[in-house]
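Overview (structure and organization)
Spelled out, the chains give:
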Amino acid sequence: MGTRTLVGSLSKQLSIPVRGLFDFNPFGVQILLTYKLGSIGQGLESFKFGVDIKWLGLHKQDIEKLNLIKAPMSNLDHSTAQRLLQFECVKQSDFYSDQ
């Protein structure tokens, strides 16, 4: 949580945008959402540490447009993706659910 707190404080105090470079896999999306929305394990307290962060890096449409080869997802990748798809914020966002 220390890094999220620091990033959030810097963003608010200095009024600077926050960008993050995340992997194009379920774990990258999970880390992005942790910065954006907070950690599930911290419950309601977590939302105060959320940061308006934008995702830098490859997205699904980039992979398709550039004809890049995607590495196959492991069983752990699949289970992480399925878990993420259960969250309301992901269900309501075409962007996150499509990644």
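The rules behind these values
Residues numbered from 1 in each chain as written. Predicted model: local features only at pLDDT ≥ 70, side-chain atom pairs only at ≥ 80, totals over all residues. Heavy atoms only, no water. Helix = DSSP H or I, 4+ residues; strand = E, 2+ residues; numbered from the N terminus. Buried < 20%, exposed > 50% of the residue type's maximum accessible area, 1.4 Å probe, protein only. Contact = heavy atoms within 4.5 Å. Areas by Shrake-Rupley, 256 points an atom, 1.4 Å probe, with all protein chains shown as cover. Phe/Tyr/Trp six-rings, centres within 6.5 Å; stacked < 30°, edge-to-face > 60°. Patch = residues over 30% accessible without salt bridge, like charges linked within 9 Å, V, L, I, M, F, W, Y side chains within 5 Å. Salt bridge = Lys/Arg side-chain N within 4 Å of Asp/Glu carboxyl O.

This paragraph deals with the overall build of the chain. When helices and strands are counted, the chain shows 6 helices and 2 strands. For the chain, the succession of helices and strands along the chain, N to C, is α-β-α-β-α-α-α-α. The proportion of buried residues among the 99 residues of the chain is 27%. Taking the contacts inside the chain whose residues are at least 6 apart along the sequence as the reference set, 69% of them involve residues at least 24 apart. Counting only carbon and sulfur atoms, one obtains 59% of the accessible surface of the chain, whose full area is about 6,900 Å².

Looking now at the packing of aromatic side chains. Within this structure, the stated rule accounts for 1 aromatic pair. Residues phenylalanine 22 and tyrosine 35 carry aromatic rings whose centres are separated by 6.5 Å and whose planes lie at 55° to one another, so their mutual orientation is tilted. With phenylalanine 22 in the loop between strand 1 (18-21) and helix 2 (26-37) and tyrosine 35 in helix 2, this pair connects stretches of sequence that are 13 residues apart. Residues phenylalanine 22 and tyrosine 35 agree in their burial class; the two are buried.

So, about a nonpolar patch on the surface. A grouping of Leu6, Leu10, Leu14 and Ile16 is seen on the molecular surface, where their side chains present a nonpolar patch of about 360 Å² in accessible area. Locating leucine 10 in the fold gives a position in helix 1 (residues 2-14).

Moving on: unusual backbone geometry. Here serine 15, not a glycine, exhibits a phi torsion of approximately 50°, which is positive. With respect to the helices and strands, the residue serine 15 is situated in the loop between helix 1 and strand 1.

Another aspect to go through is the pattern of salt bridges. Side chains that differ in charge, positive against negative, can pair when their charged atoms come close. As enumerated under the stated definition, the model contains 3 salt bridges in all. Two residues, aspartate 52 and lysine 54, come together in a salt bridge whose shortest N-O distance is 3.0 Å. Under the relative-accessibility criterion, lysine 54 is labelled partly exposed at 39%. A salt bridge links glutamate 64 to lysine 60; its shortest N-O distance comes to 3.9 Å. Here the residue glutamate 64 and the residue lysine 60 both occupy positions in helix 3 (residues 60-65), the gap between them amounting to 4 residues, near one helical turn. Through salt bridges with shared partners, one network takes in Lys36, Asp52 and Lys54.

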